[in-house]
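Analysis of the macromolecular model
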Amino acid sequence: MAEKARVAILISGRGSNMAALVYAAKAGDCPYEIVLVASNDPAAPGLALAEAEAIATCAHPHKGLTREAHDQIMHDAIVRSGAEYVVLAGYMRILSDGFVQKWADRMVNIHPSLLPKYKGLDTYQRALDAGDRVAGCSVHLVTPQLDDGPILAQTEVAILPGDDADSLASRILIAEHQLYPATLARYVTREADPEWILDQVRKRALALEETHERESFGSPGWRVGSEKTGKYFAYFTQKLHGEASVGLLVKTSGLDEQAALIDADPELYYAPKFYGKSGWIAIRLDLGRTDWDHIADWLAKSWRLVAPKRLTRMIDIADQF
Ligand code: GAR
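Let us look at the structure shown here. (Residues numbered from 1 in each chain as written. Predicted model: local features only at pLDDT ≥ 70, side-chain atom pairs only at ≥ 80, totals over all residues. Heavy atoms only, no water.)

**What to know about the packing of helix 1 (residues 16-24) against helix 2 (residues 45-52)**
Contact geometry for helix 1 and helix 2: axes closest at 10 Å, N-to-C directions at 15°. Classed by the angle they form, the pair helix 1 and helix 2 counts as roughly parallel. Relative to helix 2, helix 1 is oriented so that their crossing is right-handed. Facing helix 1, whose interface residues are Met-18, Ala-19 and Tyr-23, helix 2 presents Gly-46, Leu-49 and Ala-50. When the residues that make up the contact of helix 1 with helix 2 are grouped by side-chain class, the tally is five nonpolar, one polar and no charged. (Axes fitted to C-alpha atoms, helices over the stretch in contact; angles between N-to-C directions. Helix = DSSP H or I, 4+ residues; strand = E, 2+ residues; numbered from the N terminus. Parallel < 35°, antiparallel > 145°, perpendicular 65-115°, else oblique. Left-handed = near helix turned anticlockwise from the far one by under 90°. Contact = heavy atoms within 4.5 Å. Nonpolar A, V, L, I, M, F, W, Y, C, P; charged D, E, K, R; others polar.)

**Observations regarding the side chain of Thr-123**
For Thr-123, the location among the structural elements is in helix 5 (residues 123-129). Residue contacts for Thr-123: discarding those within four places in its chain leaves His-111, Pro-112, Ser-113 and Tyr-118.

**Observations regarding the site of the ligand**
In the vicinity of the ligand there are 13 residues, among which Arg-14, Gly-15, Ser-16, Asn-17 and Glu-176 approach most closely. Between the ligand and Arg-14, the relevant distance is 2.6 Å, taken from an oxygen atom to a side-chain nitrogen or oxygen of the residue. Spatially, the ligand is embedded in the largest pocket. The set of elements that each furnish at least two residues to the shell around the ligand consists of helix 1, strand 5 (107-111) and helix 6 (165-188). Partitioned by chemical class, the residues of the shell around the ligand number five nonpolar, five polar and three charged. (Near = heavy atom within 4 Å. Polar contact = N/O pair within 3.5 Å; in protein donor to acceptor, adjacent residues only side chain to side chain. 1 Å grid on protein atoms, 1.4 Å probe; cavity = no way out; pocket = protein on both sides within 12 Å on 5 of 7 lines; lining within 4 Å. Sits in = over half its atoms within 2 Å of the grid points.)

And the structure:
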(Lines give C-alpha, C1' and ligand atoms only; values in the text may rest on other atoms or scores of the structure.)
Protein backbone atom coordinates (compact mmCIF):
# COMPACT_ATOMS: atom_id res chain seq x y z
CA MET A 1 0.00 0.00 0.00
CA ALA A 2 1.13 3.54 -0.75
CA GLU A 3 2.46 5.74 2.02
CA LYS A 4 -0.23 6.96 4.39
CA ALA A 5 -1.33 10.57 4.29
CA ARG A 6 -0.31 12.47 7.41
CA VAL A 7 -3.12 14.24 9.20
CA ALA A 8 -3.25 16.83 12.00
CA ILE A 9 -6.52 17.22 13.90
CA LEU A 10 -7.57 20.47 15.57
CA ILE A 11 -10.02 20.26 18.47
CA SER A 12 -11.44 22.56 21.10
CA GLY A 13 -13.27 20.17 23.41
CA ARG A 14 -14.61 16.67 23.81
CA GLY A 15 -12.90 15.33 20.72
CA SER A 16 -15.25 12.46 19.93
CA ASN A 17 -14.80 12.97 16.18
CA MET A 18 -11.07 13.02 16.75
CA ALA A 19 -11.40 9.69 18.60
CA ALA A 20 -13.39 8.24 15.67
CA LEU A 21 -10.59 9.31 13.31
CA VAL A 22 -7.86 7.98 15.61
CA TYR A 23 -9.52 4.56 15.88
CA ALA A 24 -10.27 4.41 12.16
CA ALA A 25 -6.61 5.16 11.48
CA LYS A 26 -5.60 2.05 13.43
CA ALA A 27 -6.89 -0.19 10.64
CA GLY A 28 -3.98 -1.43 8.56
CA ASP A 29 -5.65 -0.42 5.31
CA CYS A 30 -6.63 3.08 6.45
CA PRO A 31 -4.98 5.51 4.02
CA TYR A 32 -4.13 8.11 6.67
CA GLU A 33 -2.36 8.35 10.00
CA ILE A 34 -2.87 10.92 12.72
CA VAL A 35 0.41 12.68 13.45
CA LEU A 36 -0.81 15.51 15.66
CA VAL A 37 -3.78 16.58 17.76
CA ALA A 38 -3.67 20.29 18.53
CA SER A 39 -6.00 22.47 20.55
CA ASN A 40 -6.56 26.09 21.50
CA ASP A 41 -7.68 24.83 24.92
CA PRO A 42 -5.11 22.98 27.06
CA ALA A 43 -7.97 21.48 29.07
CA ALA A 44 -9.72 19.95 26.05
CA PRO A 45 -10.61 16.37 27.09
CA GLY A 46 -9.67 15.12 23.64
CA LEU A 47 -6.00 15.90 24.29
CA ALA A 48 -5.75 13.32 27.09
CA LEU A 49 -7.19 10.68 24.82
CA ALA A 50 -4.70 11.52 22.07
CA GLU A 51 -1.82 11.35 24.53
CA ALA A 52 -2.97 7.97 25.80
CA GLU A 53 -2.95 6.79 22.18
CA ALA A 54 0.66 8.00 21.86
CA ILE A 55 -0.20 10.74 19.39
CA ALA A 56 1.79 13.97 19.58
CA THR A 57 -0.25 16.84 21.00
CA CYS A 58 0.08 20.57 21.14
CA ALA A 59 -2.05 22.99 23.14
CA HIS A 60 -1.85 26.73 22.93
CA PRO A 61 -4.46 29.07 24.39
CA HIS A 62 -5.57 31.87 22.11
CA LYS A 63 -6.10 34.32 24.94
CA GLY A 64 -4.24 37.60 24.45
CA LEU A 65 -3.17 36.71 20.92
CA THR A 66 -4.45 38.10 17.65
CA ARG A 67 -6.24 35.59 15.48
CA GLU A 68 -3.32 35.65 13.04
CA ALA A 69 -0.71 35.09 15.75
CA HIS A 70 -2.58 32.13 17.22
CA ASP A 71 -3.19 30.60 13.80
CA GLN A 72 0.52 30.97 13.05
CA ILE A 73 1.43 29.00 16.20
CA MET A 74 -0.96 26.24 15.12
CA HIS A 75 0.36 26.35 11.57
CA ASP A 76 3.97 26.00 12.74
CA ALA A 77 3.08 23.03 14.96
CA ILE A 78 1.23 21.36 12.08
CA VAL A 79 4.15 21.90 9.71
CA ARG A 80 6.61 20.52 12.29
CA SER A 81 4.46 17.39 12.65
CA GLY A 82 4.84 16.74 8.93
CA ALA A 83 1.07 16.76 8.36
CA GLU A 84 -0.21 17.22 4.83
CA TYR A 85 -3.86 17.61 5.85
CA VAL A 86 -5.63 19.54 8.58
CA VAL A 87 -8.86 18.11 9.94
CA LEU A 88 -11.07 20.35 12.06
CA ALA A 89 -13.04 18.33 14.59
CA GLY A 90 -15.04 20.64 16.81
CA TYR A 91 -12.41 23.36 16.53
CA MET A 92 -14.47 26.31 17.65
CA ARG A 93 -12.32 29.09 16.26
CA ILE A 94 -12.84 31.25 13.23
CA LEU A 95 -9.69 30.90 11.16
CA SER A 96 -7.80 33.77 9.58
CA ASP A 97 -7.85 33.98 5.79
CA GLY A 98 -4.08 33.52 5.74
CA PHE A 99 -4.29 30.21 7.56
CA VAL A 100 -7.15 29.00 5.36
CA GLN A 101 -5.19 29.88 2.25
CA LYS A 102 -2.11 28.01 3.42
CA TRP A 103 -4.18 24.84 3.76
CA ALA A 104 -6.45 25.36 0.77
CA ASP A 105 -7.76 22.02 -0.54
CA ARG A 106 -6.02 20.28 2.35
CA MET A 107 -8.27 21.29 5.23
CA VAL A 108 -11.66 19.76 6.00
CA ASN A 109 -14.34 20.38 8.60
CA ILE A 110 -17.37 18.57 9.94
CA HIS A 111 -20.53 20.49 10.68
CA PRO A 112 -23.71 19.21 12.32
CA SER A 113 -26.22 20.23 9.66
CA LEU A 114 -27.06 19.50 6.07
CA LEU A 115 -25.14 22.42 4.64
CA PRO A 116 -25.82 24.93 3.17
CA LYS A 117 -28.58 24.90 5.80
CA TYR A 118 -27.79 26.16 9.30
CA LYS A 119 -24.25 27.42 9.23
CA GLY A 120 -22.85 28.52 12.59
CA LEU A 121 -24.27 27.46 15.96
CA ASP A 122 -27.53 25.98 17.29
CA THR A 123 -27.97 23.84 14.23
CA TYR A 124 -30.17 21.25 15.96
CA GLN A 125 -32.66 23.70 17.45
CA ARG A 126 -32.87 25.59 14.19
CA ALA A 127 -33.68 22.39 12.31
CA LEU A 128 -36.35 21.53 14.90
CA ASP A 129 -37.81 25.04 14.87
CA ALA A 130 -38.04 24.94 11.10
CA GLY A 131 -40.06 21.74 11.32
CA ASP A 132 -37.53 19.84 9.19
CA ARG A 133 -38.05 16.11 8.78
CA VAL A 134 -34.35 15.42 8.41
CA ALA A 135 -31.23 16.91 9.88
CA GLY A 136 -27.69 15.58 9.43
CA CYS A 137 -24.04 16.37 9.12
CA SER A 138 -21.67 17.51 6.39
CA VAL A 139 -17.97 17.23 5.71
CA HIS A 140 -16.65 20.07 3.59
CA LEU A 141 -13.44 21.69 2.42
CA VAL A 142 -12.61 24.80 4.39
CA THR A 143 -12.72 28.16 2.61
CA PRO A 144 -12.56 31.62 4.20
CA GLN A 145 -16.36 31.80 4.61
CA LEU A 146 -17.62 30.07 7.77
CA ASP A 147 -19.08 26.58 7.20
CA ASP A 148 -18.89 27.12 3.47
CA GLY A 149 -16.68 25.43 0.91
CA PRO A 150 -17.33 22.45 -1.36
CA ILE A 151 -19.25 19.67 0.35
CA LEU A 152 -17.48 16.31 0.21
CA ALA A 153 -20.16 14.17 1.84
CA GLN A 154 -23.30 14.33 3.94
CA THR A 155 -25.40 11.97 6.04
CA GLU A 156 -29.09 12.57 6.58
CA VAL A 157 -30.46 11.82 10.04
CA ALA A 158 -34.24 11.52 10.47
CA ILE A 159 -35.84 13.75 13.08
CA LEU A 160 -38.03 11.72 15.45
CA PRO A 161 -41.35 13.00 16.83
CA GLY A 162 -40.11 13.51 20.41
CA ASP A 163 -36.68 14.90 19.49
CA ASP A 164 -35.17 17.83 21.32
CA ALA A 165 -31.83 19.46 20.49
CA ASP A 166 -29.89 17.04 22.72
CA SER A 167 -31.41 13.82 21.46
CA LEU A 168 -31.00 14.99 17.88
CA ALA A 169 -27.39 16.06 18.52
CA SER A 170 -26.43 12.70 19.95
CA ARG A 171 -27.88 10.84 16.97
CA ILE A 172 -26.19 13.17 14.52
CA LEU A 173 -22.93 12.60 16.39
CA ILE A 174 -23.18 8.87 15.66
CA ALA A 175 -23.54 9.74 12.00
CA GLU A 176 -20.57 12.12 12.23
CA HIS A 177 -18.37 9.36 13.61
CA GLN A 178 -19.19 7.22 10.58
CA LEU A 179 -19.02 9.95 8.00
CA TYR A 180 -15.79 11.69 8.94
CA PRO A 181 -13.30 8.78 8.82
CA ALA A 182 -14.81 7.41 5.59
CA THR A 183 -14.88 10.80 3.85
CA LEU A 184 -11.33 11.60 4.87
CA ALA A 185 -10.16 8.24 3.55
CA ARG A 186 -11.79 8.96 0.22
CA TYR A 187 -10.44 12.49 0.09
CA VAL A 188 -6.79 11.65 0.75
CA THR A 189 -6.87 8.94 -1.93
CA ARG A 190 -8.80 11.03 -4.48
CA GLU A 191 -5.76 11.36 -6.73
CA ALA A 192 -5.93 7.65 -7.43
CA ASP A 193 -9.66 7.76 -8.23
CA PRO A 194 -10.22 7.76 -12.01
CA GLU A 195 -13.42 9.79 -11.61
CA TRP A 196 -11.57 12.54 -9.78
CA ILE A 197 -8.77 12.48 -12.34
CA LEU A 198 -11.29 12.69 -15.18
CA ASP A 199 -12.91 15.70 -13.53
CA GLN A 200 -9.56 17.46 -13.33
CA VAL A 201 -8.90 16.89 -17.03
CA ARG A 202 -12.45 17.84 -18.02
CA LYS A 203 -12.31 21.12 -16.12
CA ARG A 204 -9.10 22.13 -17.86
CA ALA A 205 -10.11 20.92 -21.33
CA LEU A 206 -13.47 22.68 -21.26
CA ALA A 207 -11.83 25.90 -20.04
CA LEU A 208 -10.30 26.27 -23.49
CA GLU A 209 -12.17 28.24 -26.09
CA GLU A 210 -15.00 26.61 -28.07
CA THR A 211 -14.55 23.14 -26.70
CA HIS A 212 -16.99 20.36 -25.99
CA GLU A 213 -16.83 16.81 -24.78
CA ARG A 214 -17.71 13.82 -26.89
CA GLU A 215 -17.21 10.14 -26.32
CA SER A 216 -15.00 8.27 -28.70
CA PHE A 217 -14.97 4.48 -28.57
CA GLY A 218 -16.23 4.59 -25.00
CA SER A 219 -13.69 7.13 -23.76
CA PRO A 220 -14.32 10.79 -23.03
CA GLY A 221 -12.68 13.10 -25.56
CA TRP A 222 -12.58 16.85 -26.07
CA ARG A 223 -13.01 18.68 -29.34
CA VAL A 224 -12.50 22.22 -30.49
CA GLY A 225 -14.77 23.88 -33.02
CA SER A 226 -18.43 23.35 -33.71
CA GLU A 227 -20.37 20.23 -32.76
CA LYS A 228 -20.41 19.37 -36.47
CA THR A 229 -16.90 20.04 -37.66
CA GLY A 230 -14.94 20.07 -34.38
CA LYS A 231 -11.70 18.16 -34.03
CA TYR A 232 -10.42 16.14 -31.11
CA PHE A 233 -7.47 17.57 -29.20
CA ALA A 234 -7.51 15.21 -26.20
CA TYR A 235 -8.78 11.84 -25.07
CA PHE A 236 -8.99 10.26 -21.65
CA THR A 237 -7.91 6.63 -21.43
CA GLN A 238 -8.68 4.25 -18.66
CA LYS A 239 -7.77 0.62 -18.88
CA LEU A 240 -9.15 -1.82 -16.40
CA HIS A 241 -6.14 -4.08 -16.70
CA GLY A 242 -2.59 -3.51 -17.68
CA GLU A 243 0.03 -1.21 -16.39
CA ALA A 244 -0.87 2.22 -17.68
CA SER A 245 -4.35 2.50 -16.28
CA VAL A 246 -5.24 6.18 -16.49
CA GLY A 247 -3.81 8.60 -19.00
CA LEU A 248 -4.39 11.59 -21.23
CA LEU A 249 -3.78 11.57 -24.96
CA VAL A 250 -2.73 14.83 -26.57
CA LYS A 251 -1.18 15.81 -29.86
CA THR A 252 2.50 16.62 -30.27
CA SER A 253 4.09 18.34 -33.22
CA GLY A 254 5.03 14.92 -34.60
CA LEU A 255 6.98 11.71 -34.17
CA ASP A 256 10.27 13.40 -33.26
CA GLU A 257 8.76 15.23 -30.33
CA GLN A 258 6.89 12.11 -29.30
CA ALA A 259 10.12 10.07 -29.25
CA ALA A 260 12.04 12.78 -27.39
CA LEU A 261 9.41 12.96 -24.66
CA ILE A 262 9.34 9.21 -24.13
CA ASP A 263 13.12 9.23 -24.03
CA ALA A 264 13.20 12.02 -21.45
CA ASP A 265 10.60 10.55 -19.07
CA PRO A 266 9.62 6.98 -19.97
CA GLU A 267 7.58 6.60 -16.79
CA LEU A 268 5.35 9.57 -17.62
CA TYR A 269 5.01 9.30 -21.41
CA TYR A 270 4.19 6.46 -23.75
CA ALA A 271 3.11 5.99 -27.34
CA PRO A 272 -0.60 5.17 -27.30
CA LYS A 273 -1.68 2.01 -29.05
CA PHE A 274 -3.94 2.29 -32.10
CA TYR A 275 -2.77 5.81 -32.91
CA GLY A 276 -0.09 4.65 -35.33
CA LYS A 277 2.45 7.17 -36.46
CA SER A 278 0.27 10.14 -35.68
CA GLY A 279 2.36 11.88 -33.05
CA TRP A 280 -0.27 11.55 -30.33
CA ILE A 281 1.32 11.03 -26.95
CA ALA A 282 -0.08 9.50 -23.78
CA ILE A 283 0.66 11.05 -20.40
CA ARG A 284 0.18 8.93 -17.30
CA LEU A 285 -2.19 10.48 -14.76
CA ASP A 286 -2.06 7.72 -12.19
CA LEU A 287 1.50 8.03 -10.91
CA GLY A 288 0.56 10.14 -7.91
CA ARG A 289 2.77 12.96 -9.13
CA THR A 290 0.57 14.71 -11.67
CA ASP A 291 1.43 18.35 -12.20
CA TRP A 292 -1.95 19.78 -13.20
CA ASP A 293 -0.52 23.03 -14.55
CA HIS A 294 1.62 20.92 -16.84
CA ILE A 295 -1.47 19.02 -17.98
CA ALA A 296 -3.28 22.33 -18.61
CA ASP A 297 -0.32 23.43 -20.76
CA TRP A 298 -0.45 20.20 -22.73
CA LEU A 299 -4.17 20.57 -23.35
CA ALA A 300 -3.66 24.16 -24.54
CA LYS A 301 -0.83 23.12 -26.84
CA SER A 302 -2.82 20.29 -28.31
CA TRP A 303 -5.90 22.51 -28.68
CA ARG A 304 -3.81 24.99 -30.60
CA LEU A 305 -2.58 22.34 -33.03
CA VAL A 306 -6.11 21.47 -34.15
CA ALA A 307 -8.13 24.62 -33.46
CA PRO A 308 -9.49 26.51 -36.48
CA LYS A 309 -7.40 29.47 -37.65
CA ARG A 310 -10.00 32.02 -36.56
CA LEU A 311 -9.41 30.92 -32.94
CA THR A 312 -5.63 30.73 -33.00
CA ARG A 313 -4.96 33.82 -35.11
CA MET A 314 -4.68 36.19 -32.16
CA ILE A 315 -2.33 33.84 -30.29
CA ASP A 316 -0.18 33.44 -33.41
CA ILE A 317 0.11 37.21 -33.73
CA ALA A 318 0.96 37.61 -30.03
CA ASP A 319 3.68 34.98 -30.42
CA GLN A 320 5.49 37.09 -32.99
CA PHE A 321 6.32 39.73 -30.38
C1 GAR B 1 -19.45 18.06 16.50
O2 GAR B 1 -20.83 17.82 16.55
C3 GAR B 1 -19.13 18.91 15.29
O4 GAR B 1 -19.93 18.63 14.18
C5 GAR B 1 -19.39 20.29 15.80
O6 GAR B 1 -18.89 20.28 17.11
C7 GAR B 1 -19.01 18.97 17.64
C8 GAR B 1 -17.67 18.55 18.20
O9 GAR B 1 -17.76 17.34 18.91
N10 GAR B 1 -18.75 21.28 14.99
C11 GAR B 1 -19.25 22.46 14.69
O12 GAR B 1 -20.30 22.86 15.12
C13 GAR B 1 -18.40 23.30 13.76
N14 GAR B 1 -19.14 24.41 13.22
P15 GAR B 1 -16.48 16.50 19.22
O16 GAR B 1 -15.49 17.44 19.89
O17 GAR B 1 -16.95 15.44 20.17
O18 GAR B 1 -15.97 15.96 17.94
